[in-house]
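Residue-level structural notes
Spelled out, the chains give:
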Amino acid sequence: MAAYLDCRRDKRNSASAQAFEARLERNLCDLRDELASGTYRPGRSICFVITRPKPREVWAADFRDRIVHHLLYNKISPRFYASFTADSCACIPGRGTLYAARRLEHQVRSATQNWSRPAHYLKCDLANFFVSIRKPVLLHQLAARVTEPWWMRLAEIILMHDPRGDVEVRGSRELLALVPPHKSLFNAPDDQGLPIGNLSSQFFANVLLNDLDQFAKHQLRAPHYVRYVDDFVLVHPSTAWLGQALRDIAAFLPERLGVTLNPSKTILQPVSRGVDFVGHVLKPWCRTTRRRTVAAAVRRIQEAPADQLLEVGNSYLGLIGQASHPHADRVRIAQALMARGHAVKGDLSKIYRRSL
């Protein structure tokens, strides 16, 4: 029941959730019986394409399968989280984008002695991360900590399931064609790739990259390191040290984890120029929102349907408010919202529903 309640928290209005709730007790009992007897198998997934911030496939498992994802996650995640470093972020309770931005800010301040000394940063990104994840590597990592046979078998069923075998694709051909072929799960080998959008995929990704975190901390002895999903940053006074760290990581990733760096997104430069990470730009004495994020927010507010504007506006004001110096950006957002007829709170933190 706890897994069901966790699952429905943000998905209660979906068609599959409502269909499941129509016969809630019977469906939960049937699911429990399938799990207990070992006959449970994942059902149909829905695949669609989102275009912001860039085109990508999103896979939505059936509601009953998402309950099973939460069941497994609730059972085994604490033992993995206990081994994660404090610099591992994303899909971990209390460690979202704001935690990652603040963690990096702390690391940069430490490396530069509160901005009084020069330092450089190395920012890296993994190439086609979710599509390139090798399931056998992950299975071995899971087996090292999930020692109960029943839970390990369930983890294997979820991990090794290929959603392409039973999928409903939604959207036009033109929209689907926006996703580059090498980023599409439909083109991945059978033992490779996780569907973006499932809780299990997010958790499995952190399990995989925990080995990278441990390598950075204990083999490279990186004094200042932060990772958010497949983006990670190392900060150090020496560019020579960072260059050697880059070569070591580039050799480690394909050999141990079967993934590779994206050379086009590898950056090595002084921190004084600004570090762009998780939507924030960190500069001496301030942390602001990325300029293109603010510009995209203004465009979205100008174009959003009237019935969605309250949700969109408050969402962007909350996002902008995560920066340490957000006032100028909040003013731009507030002006765009007032132009659409909404009233904005005096501290520019929220907007109000228009009276009819």
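So, here is what we can say about the structure in this document.

**A look at the pattern of salt bridges**
With the rule as written, the count across this model stands at 14 salt bridges. For Arg32, the salt bridge is made with Asp33, and the minimal N-O distance between the two is 3.2 Å. Of the charged contacts, one joins Asp87 and Arg103 as a salt bridge, the two residues approaching to 2.5 Å between their closest N and O atoms. Placement of the pair is Asp87 in the loop between α4 (63-81) and β3 (88-89) and Arg103 in helix α5 (residues 97-111), with a sequence separation of 16 residues. One salt-bridge network, in which partners are shared between bridges, spans Asp87, Arg103 and Lys217.

**Considering empty space enclosed by the protein**
Under the defined criterion, the tally for this structure stands at 5 cavities of 30 Å³ or more. By volume, the largest cavity is sized at about 170 Å³. Lining the largest cavity we find 19 residues, and of these His69, Ile158, His161, Pro195 and Asn198 sit closest to its centre. Sorting the residues of the lining of the largest cavity by element identifies α4, α8 (149-160) and α10 (199-219) as the ones contributing at least two each. Looking at the lining of the largest cavity, the element that brings in the most residues is α10, giving 3 residues. A per-class count over the lining of the largest cavity returns 9 nonpolar, 8 polar and 2 charged.

**Quick word on the sheet that holds strand β11 (residues 286-289)**
In a beta sheet, neighbouring strands pair by backbone hydrogen bonds and run either parallel or antiparallel. Overall, antiparallel pairing links the 3 strands, which are arranged β9-β10-β11 in an open sheet. With partners counted over all chains shown, the strands left at the sheet margins are β9 (275-277) and β11, one partner each. Neighbouring strand axes in the sheet, compared pairwise and without regard to direction, differ in orientation by 25° on average. Of the pairings in the sheet, the one linking strand β10 (residues 280-283) to β11 comprises 4 bridges and is antiparallel in character. Within β11, the position partnered with His280 by the bridge is Thr289.

**Digging into the packing of helix α12 (residues 291-303) against helix α13 (residues 309-320)**
Contact geometry of α12 with α13 gives a least axis separation of 10 Å together with a crossing angle of 165°. The orientation of α12 relative to α13 falls into the category roughly antiparallel. For α12 against α13, the interelement crossing comes out left-handed. Across the interface between the two elements, Thr293, Val294, Ala296, Ala297, Arg300 and Ile301 from α12 touch Leu309, Val312, Tyr316, Leu319 and Ile320 from α13. Split into classes, the residues belonging to the contact of α12 with α13 amount to 9 nonpolar, 1 polar and 1 charged.

**Overview of the environment of His342**
Among the secondary structure elements, His342 is positioned in the segment after α14 (327-339). Along the backbone, His342 and Arg353 are 11 residues apart, and their C-alpha atoms lie at a distance of 7.0 Å. Within polar-contact distance, the side chain of His342 engages the backbone oxygen of Tyr352 at 2.8 Å.

**What to know about the sheet that holds β3**
One open sheet holds the 5 strands; their spatial order is β3-β6-β7-β4-β8, and the pairing between them is mixed. This sheet does not close on itself; its edge strands, each paired only once, are β3 and β8 (267-270). Taken together, the 2 bridges between β3 and strand β6 (residues 225-228) define a ladder with parallel strand orientation. When the bridges of β6 are listed, Cys89 appears paired with Tyr228. On the sheet, α5 packs against β3, β6 and β7 (231-236) and is oriented at approximately 165° with respect to β6.

**A word on the packing of aromatic side chains**
Taken as a whole and assessed by the stated rule, the structure comprises 12 aromatic pairs. Taking the centre distance of 5.0 Å and the plane angle of 45° together, the rings of Trp59 and Phe186 count as tilted. Taken as a pair, Trp59 in strand β2 (residues 56-61) and Phe186 in the loop between α9 (173-176) and α10 lie far apart in primary sequence, 127 residues in all. For Trp59, a relative accessible area of 2% corresponds to the buried category. In this structure Phe186 comes out as partly exposed when scored by relative accessible area, which is 35%. Ring centres of Phe80 and Phe203 lie 5.6 Å apart, and the angle between their planes is 85°; on these two criteria the pair is classed as edge-to-face.

**Here's the deal with helix α11 (residues 239-257)**
Compared with an ideal rise of 1.5 Å per residue, which puts 19 residues at 27 Å, α11 spans 26 Å between its outermost C-alpha atoms and is within 8% of the ideal. Within the sequence span of α11, burial applies to Leu242, Gly243, Ala245, Ile249, Phe252, Leu253 and Leu257. Residues of α11 that are buried make contact with β4 (120-125), α7 (135-143), α10, β7 and β8. The N-cap of α11, judged by a side-chain oxygen 3.2 Å from the amide nitrogen of Ala240 a few residues on, is Ser238. Looking one or two places after α11, you find Gly258, whose phi comes out positive at around 75°.

Thresholds, definitions, all that
Residues numbered from 1 in each chain as written. Predicted model: local features only at pLDDT ≥ 70, side-chain atom pairs only at ≥ 80, totals over all residues. Heavy atoms only, no water. Salt bridge = Lys/Arg side-chain N within 4 Å of Asp/Glu carboxyl O. Helix = DSSP H or I, 4+ residues; strand = E, 2+ residues; numbered from the N terminus. 1 Å grid on protein atoms, 1.4 Å probe; cavity = no way out; pocket = protein on both sides within 12 Å on 5 of 7 lines; lining within 4 Å. Points joined across faces, edges and corners; volume = space filled by probe spheres on them. Nonpolar A, V, L, I, M, F, W, Y, C, P; charged D, E, K, R; others polar. Pairing = 2+ DSSP bridges. Axes fitted to C-alpha atoms, helices over the stretch in contact; angles between N-to-C directions. Parallel < 35°, antiparallel > 145°, perpendicular 65-115°, else oblique. Left-handed = near helix turned anticlockwise from the far one by under 90°. Contact = heavy atoms within 4.5 Å. Polar contact = N/O pair within 3.5 Å; in protein donor to acceptor, adjacent residues only side chain to side chain. Phe/Tyr/Trp six-rings, centres within 6.5 Å; stacked < 30°, edge-to-face > 60°. Buried < 20%, exposed > 50% of the residue type's maximum accessible area, 1.4 Å probe, protein only. Expected span 1.5 Å × (residues − 1).

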